[in-house]
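For reference, the chains in residue letters:
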Amino acid sequence: MAVQSRPMRTDDYMPMRDLLIETVPITPIGFNWDMRRLDGKRFYNDNLIDDRISRRPVQLWENEAGELVGYVLSESPGDAHLQVHPDFRYIEPEMVAWAEEHLAVAGTDSSEHTLEIFVNEYDALRQEILRGRDYAKMSYGGMCRHIRLGAQPFPAPAVPAGYTLRTTNPDDMADCQRIADLLNAAFNRDFHNALEFHHFTKFAPCFHRNLDLVMAAPDGSFAAYVGVPYDEVNRRGIFEPVCTHPEHQRKGLARTLMLEGFQRLRAIGALDATVDTGDAAAANAFYTAMGFTEAYRGYIWRKAW
C-alpha cells in the first residue's frame, strides 16, 4: 500500500493522538507513546500557541485512504521519536532518514551532526534499522513498568498523621501554584508554573480530576503528588508524575497516593496501569514494591556524522 508523508498541520493533533490509542492493544508495552505524553507536550504549557510539539518539525505518513499510519516528532533538540502502526513498520527506514535530515543537531565533538532515538530492547527490527545506519547503542535509557489490576491484592491506603489526601482543584490557581512548587522542589527545577498545570487540566483529554491526587502537609502545601491520566478506550491508567517534596520523603506519602490511585482505577473498571521510569535503582525498586511486575527496558541509540 502506497504511503506518502507531509508536515504536520494544526488540525492533525487528534488523529496523532488516536493513533497512539488505537495501537495500544496491538503492540508491546511502550512501543508507541502513551497518549498522556502527547497531551503533555501539547497542553502542559503556559502558552497554548507555542506548545512543545510545534517547536520542531513533525512529519506525518498517510496511506492511500488518507489515514494516519505514522509520524516522527522531537521531544528535545537532537532526538527523534517514531510513532507507527505495526502494519506499516516497513516505512521506518524512511522515517529515520527524515529525522536525520530535519531533527539532527550540531555535534559537540568532531562530528557535524548527532541524533538520538530511544529503542526498546524487545524491538529487534528497529535496532537492525539503526545499526544499518551507523547508530550505536548507548549505556543510558529508561524503562516502562506495567501492572495488571485485576486480581492483585492491594493494602488500604494509610494516611500519615497530620497529612490530608485529596484531589487537586485546578480551578483554584493557588492549587495550581502548589503543584508547580512541588514539581520544582521534587525534580530540582525552576521552570514549572501554575498556568501550565491549569491549561493541562482544562484541555488535555486524558486528565481525570478524580485521579489527580495530592497529599497536603499540615501547613497546606503539597507534600506529594500522583497524577493518573486515564486512557478510557483501553482502560489503562498512566502514573505521571509521581513525586514527593524533599522535606517530606520517607513517610510513605507517594506509596499511599499510588495505592489510592489503584483503588480508584479499579472502581472505574481499569484493567492495568503503566509508569515510565528512568535508570535509577531506587525508583525502580519502589515500583517493584508497588506491584509493577513487568519491566520493559530501552536504550538511547545515537548517530554522529
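Higher on the page you've got the structure.
Computed from a predicted structure; not experimentally measured. (Residues numbered from 1 in each chain as written. Predicted model: local features only at pLDDT ≥ 70, side-chain atom pairs only at ≥ 80, totals over all residues. Heavy atoms only, no water.)

K.L.:
Just give me the short version of the overall build of the protein chain, but keep the residues and values in it.
P.N.:
If you tally the helices and strands in the protein chain, you get eight helices and 15 strands. For 305 residues, the compact-globule estimate of 2.2 N^0.38 gives 19 Å, and the protein chain sits close to it at 20 Å. Projected onto its principal axes, the C-alpha positions of the protein chain cover 60 × 40 × 40 Å. Considering the protein chain as a whole, with its 305 residues, one finds that 51% of them fall into the buried category. A fraction of 70% describes how many contacts in the protein chain between residues 6 or more apart in sequence connect residues 24 or more apart. In the protein chain, 32 positive and 43 negative side-chain charges are present, and the distance between their average locations comes to 5 Å. (Helix = DSSP H or I, 4+ residues; strand = E, 2+ residues; numbered from the N terminus. Rg over C-alpha atoms; globule rule 2.2 N^0.38 Å. Buried < 20%, exposed > 50% of the residue type's maximum accessible area, 1.4 Å probe, protein only. Contact = heavy atoms within 4.5 Å. Lys, Arg positive; Asp, Glu negative; His and termini not counted. Charge placed at Lys NZ, Arg CZ, Asp CG, Glu CD.)

K.L.:
Requested: an account of the pattern of salt bridges, with residues and values cited.
P.N.:
Two side chains bearing opposite charge may form a pair once their charged atoms approach each other closely. This structure, assessed with the given rule, holds 22 salt bridges. Between R37 and E75 there is a salt bridge, and its shortest N-O distance comes to 2.7 Å. Pair noted here: R37 is in helix α2 (residues 35–43) and E75 is in the loop between β3 (68–73) and β4 (79–84), with a separation of 38 residues, a long-range link. Classification of R37 by relative accessible area gives partly exposed; the value is 25%. Put simply, R89 and E92 hold a salt bridge, and the shortest N to O gap is 2.5 Å. (Salt bridge = Lys/Arg side-chain N within 4 Å of Asp/Glu carboxyl O.)

K.L.:
Lay out unusual backbone geometry in plain terms, naming residues and giving numbers.
P.N.:
Cis geometry is adopted by the peptide bond preceding P241, which originates at E240 and carries an omega value of 0 degrees. Here P241 lies in the loop between β12 (236–238) and β13 (242–244). Positive phi outside glycine occurs at N188, with the angle close to 55 degrees. Inspection of the secondary structure assignment puts N188 in the loop between α5 (173–186) and α6 (194–203). For R250, which is not glycine, the phi torsion reads 65 degrees and is therefore positive. Relative to the assigned elements, R250 resides in the loop between β13 and α7 (253–267). The exposed category is assigned to R250, whose relative accessible area is 86%.

K.L.:
Explain the sheet that holds strand β10 (residues 222–227) residue by residue, including any values.
P.N.:
Ordered in space as β8-β9-β10-β13, the four strands form an open sheet in which the pairing is antiparallel. Looking at the sheet topology across the chains shown, the edges are occupied by β8 (164–167) and β13. Strand-to-strand twist in this sheet, taken as the mean axis angle between neighbours without regard to direction, amounts to 15 degrees. In this sheet, β10 lies alongside strand β9 (residues 212–216) in antiparallel orientation, the contact comprising five bridges. Bridged to M215 within β10 is A224. On top of the sheet, α5 reaches β8, β9, β10 and β13; it is set at about 95 degrees to β10, its chief contact. (Pairing = 2+ DSSP bridges. Axes fitted to C-alpha atoms, helices over the stretch in contact; angles between N-to-C directions.)

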